[in-house]
Amino acid sequence: GQRGDQGFYNAYNSVQDDVRSAVASFSADHPSAKLYVTGHSLGAAMSMLAALDLSDQGFLIDALYNFGQPRTGNEAFVDYYNMKTINTARITHHHDPVPHLPMESWGFHHEPTEVYYNEFSTSYTVCDGSGEDPKCSDANLLDVNLVDHLTYMKYDFITNYLKCKL
């Protein structure tokens, strides 16, 4: 059956009511606005769960764009996600280690469609629709470059986080 990572589920569940409320309020105020969901790293796993949840609540998700997303569930979970027909781009960067976690050997699987950027983000490949294209991020046997995880499309997430004033 469907199985998702419990930690990712708990993380999303902790903000689920706030997400639903914020989206409902925004949608009421802007009924013609498109709804895009996005995240990076843990936020990417949570945004996938949010897209599923919001879709189940009747919201139309125009697209999901994630960066450095870990595997969120098993193949049955991904099949359920794919039934929602949400336009999805799962962006990966060169030797980012996070998209390889949790491991496939533990039963986890990515949703399609991976867009794999090269080391300097000067070119990309739209990978096959399997979610685990052996010619993209999965082609790398050992990915341990945290800089690749923290920099996507020449955007430095750490600098942004440090400058963010909440």
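Structure: see above.
Below or above, wherever it landed, is the structure these notes cover. (Residues numbered from 1 in each chain as written. Predicted model: local features only at pLDDT ≥ 70, side-chain atom pairs only at ≥ 80, totals over all residues. Heavy atoms only, no water.)

A separate point is a nonpolar patch on the surface. A grouping of Leu101, Met103 and Trp106 is seen on the molecular surface, where their side chains present a nonpolar patch of about 320 Å² in accessible area. Tracing the backbone through its elements, the reader meets tryptophan 106 in the loop between β3 (88-93) and β4 (114-117). Accessibility expressed as a relative area gives 53% for tryptophan 106, which makes it exposed. (Patch = residues over 30% accessible without salt bridge, like charges linked within 9 Å, V, L, I, M, F, W, Y side chains within 5 Å. Areas by Shrake-Rupley, 256 points an atom, 1.4 Å probe, with all protein chains shown as cover. Salt bridge = Lys/Arg side-chain N within 4 Å of Asp/Glu carboxyl O. Helix = DSSP H or I, 4+ residues; strand = E, 2+ residues; numbered from the N terminus. Buried < 20%, exposed > 50% of the residue type's maximum accessible area, 1.4 Å probe, protein only.)

Within the structure shown, the criterion is met by one disulfide. Between the sulfur atoms of cysteine 127 and its disulfide partner cysteine 136 the distance amounts to 2.0 Å. Handedness of the cysteine 127-cysteine 136 disulfide follows from its S-S torsion of about -110°: it is left-handed. Judged by relative accessible area, cysteine 127 falls into the buried class, the value being 7%. For cysteine 136, a relative accessible area of 1% translates into the label buried. (Disulfide = S-S within 2.5 Å.)

With respect to the element layout, arginine 90 can be found in strand β3. At 3.4 Å, the side chain of arginine 90 forms a polar contact with the side chain of histidine 110. With sequence-adjacent residues up to four places away left out, arginine 90 is seen in contact with Asn66, Gln69, Pro99, His110, Glu111, Thr113, Glu114, Val115 and Gly131. (Polar contact = N/O pair within 3.5 Å; in protein donor to acceptor, adjacent residues only side chain to side chain. Contact = heavy atoms within 4.5 Å.)

At 3.6 residues per turn, the α-helix brings residues three or four places apart onto the same side. The terminal C-alpha atoms of helix α3 (residues 42-56) lie 21 Å apart, and with 15 residues this matches the ideal 21 Å at 1.5 Å per residue to within 8%. Most of α3 sits out of view: twelve of its 15 residues are buried. Taken together, the buried positions of α3 are occupied by Ala44, Ala45, Met46, Ser47, Met48, Leu49, Ala50, Ala51, Leu52, Asp53, Leu54 and Ser55. Contacts made by the buried residues of α3 are with α1 (6-13), α2 (16-29), β1 (36-40), β2 (63-67) and α4 (75-83). Taken from the residues just after α3, glycine 58 is the one with a positive phi, measuring 100°. (Expected span 1.5 Å × (residues − 1).)

Ala51, Ile61, Leu64, Tyr81 and Ile86 are the most contacted members of the largest nonpolar core, which totals 19 residues. Breaking this core down by element, the ones donating at least two residues are α1, α3 and α4. For this core, the element with the highest residue contribution is α3, accounting for eight residues. Ignoring sequence-local partners within four residues, the contact set of tyrosine 81 consists of Met48, Leu52, Leu64, Ile86, Thr88 and Glu111. Of all hydrophobic cores here, the second largest spans seven residues; its members include Phe67, Ala89, Val115 and Tyr117. (Core = buried A, V, L, I, M, F, W, Y, C linked by side-chain atoms within 4.5 Å.)

A side chain with one charge can pair with a side chain of the opposite charge if their charged atoms come near. All told, the structure shown has six salt bridges when counted by the stated rule. Aspartate 56 is the salt-bridge partner of lysine 84, the closest N and O atoms lying 2.4 Å from each other. A residue pair is termed long-range when its members are at least 10 positions apart, and lysine 84 in the loop between α4 and β3 and aspartate 56 in helix α3 qualify at 28 residues. For aspartate 56, a relative accessible area of 42% gives the class partly exposed. Here arginine 71 makes a salt bridge to aspartate 138, at a shortest N to O gap of 3.5 Å. Of this pair, arginine 71 sits in the loop between β2 and α4 while aspartate 138 sits in the loop between β5 (124-126) and α5 (146-150), and the two are 67 residues apart along the sequence.

All we've got here are geometric facts, nothing functional implied.
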